[in-house]
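Structure at a glance
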Amino acid sequence: MSVESVLHLNFRGEARAALEFYQSVFGGHLAVVTYQDLGNVQDPADADRVTWGQVRAGNGFHVMAYDVPSGTPFERGEQSFFLSLRGDDAEEVTAYWKKLSEGATVVQPLAPAQWAPLYGMLKDRFGVIWAVDVASGDQA
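A short tour of the structure in this document, coming up. Predicted model, so just to flag it, every value in this text is computed and none were measured. (Residues numbered from 1 in each chain as written. Predicted model: local features only at pLDDT ≥ 70, side-chain atom pairs only at ≥ 80, totals over all residues. Heavy atoms only, no water.)

A closer look at the environment of Met64
Here Met64 shows up in strand β4 (residues 62-67). Judged by its relative accessible area of 2%, Met64 is buried. For Met64, the residues in contact, after removing those within four places along its chain, are Val6, Leu7, His8, Leu9, Trp52, Gly53, Gln54, Ser84 and Arg86. (Helix = DSSP H or I, 4+ residues; strand = E, 2+ residues; numbered from the N terminus. Buried < 20%, exposed > 50% of the residue type's maximum accessible area, 1.4 Å probe, protein only. Contact = heavy atoms within 4.5 Å.)

Dropping the structure here:
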């Protein structure tokens, strides 16, 4: 069993460029999934934008990013990140979720998602937004 916490950056149409830049700086593997790839296009402007992306390098550098959908309020520099907690064991991840949920506001309940066996989001009692999931094999 293992979990990893990773900084998850939020953008509006700049996630791919940011991830490509960070890859050029730190090296590693770039992975990008678009809204169109998932068949989840609510606004045509979002089709080629990043719904999930990451750069993971052998030197330990790891960052994730996405483009906030057009229909969701977003101001650059405000709510520009959340903390991603990802694990490979559903029972362990669920236990962390339950503890983090104490005094929190649940944004999206922990449940199966199209891209992960379990995914949920909450704002903890200190105002930190957590995205919690069980990684599928291609995203680990």
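Focus: the nonpolar core
Grouped burial of nonpolar side chains is what soluble globular proteins tend to show. Membership of the largest hydrophobic core is limited to 11 residues, which are Leu9, Phe11, Ala15, Ala18, Leu19, Val50, Val55, Ala57, Phe61, Val63 and Ala65. Those elements that provide at least two residues to this core are β1 (3-11), α1 (15-26), β3 (50-56) and β4. At three residues, the largest contribution of residues to this core is made by α1. (Core = buried A, V, L, I, M, F, W, Y, C linked by side-chain atoms within 4.5 Å.)

A look at the layout of surface pockets
A volume near 720 Å³ is recorded for the largest pocket. Forming the walls of the largest pocket are 31 residues, and the residues nearest its centre are Tyr66, Phe82, Gln108, Tyr119 and Met121. Only β1, β3, β4, β5 (81-87), β6 (105-113), β7 (116-123) and β8 (129-134) provide two or more residues apiece to the lining of the largest pocket. For the lining of the largest pocket, the leading source of residues is β5, giving four residues. Along the lines of polarity and charge, the residues of the lining of the largest pocket split into 18 nonpolar, 10 polar and three charged. (1 Å grid on protein atoms, 1.4 Å probe; cavity = no way out; pocket = protein on both sides within 12 Å on 5 of 7 lines; lining within 4 Å. Points joined across faces, edges and corners; volume = space filled by probe spheres on them. Nonpolar A, V, L, I, M, F, W, Y, C, P; charged D, E, K, R; others polar.)

Let's talk about the sheet that holds β1
Pairing is mixed across the open sheet formed by eight strands, whose spatial order is β2-β3-β4-β1-β5-β8-β7-β6. Here the strands that pair on one side only, and so sit at the sheet edges, are β2 (29-34) and β6. Between one strand and the next, the sheet's axes are offset by a mean angle of 20°, whatever the strand orientation. Across six bridges, β2 lies against β3 in antiparallel orientation. Counted as the bridge partner of His29 is Arg56 from β3. (Pairing = 2+ DSSP bridges. Axes fitted to C-alpha atoms, helices over the stretch in contact; angles between N-to-C directions.)

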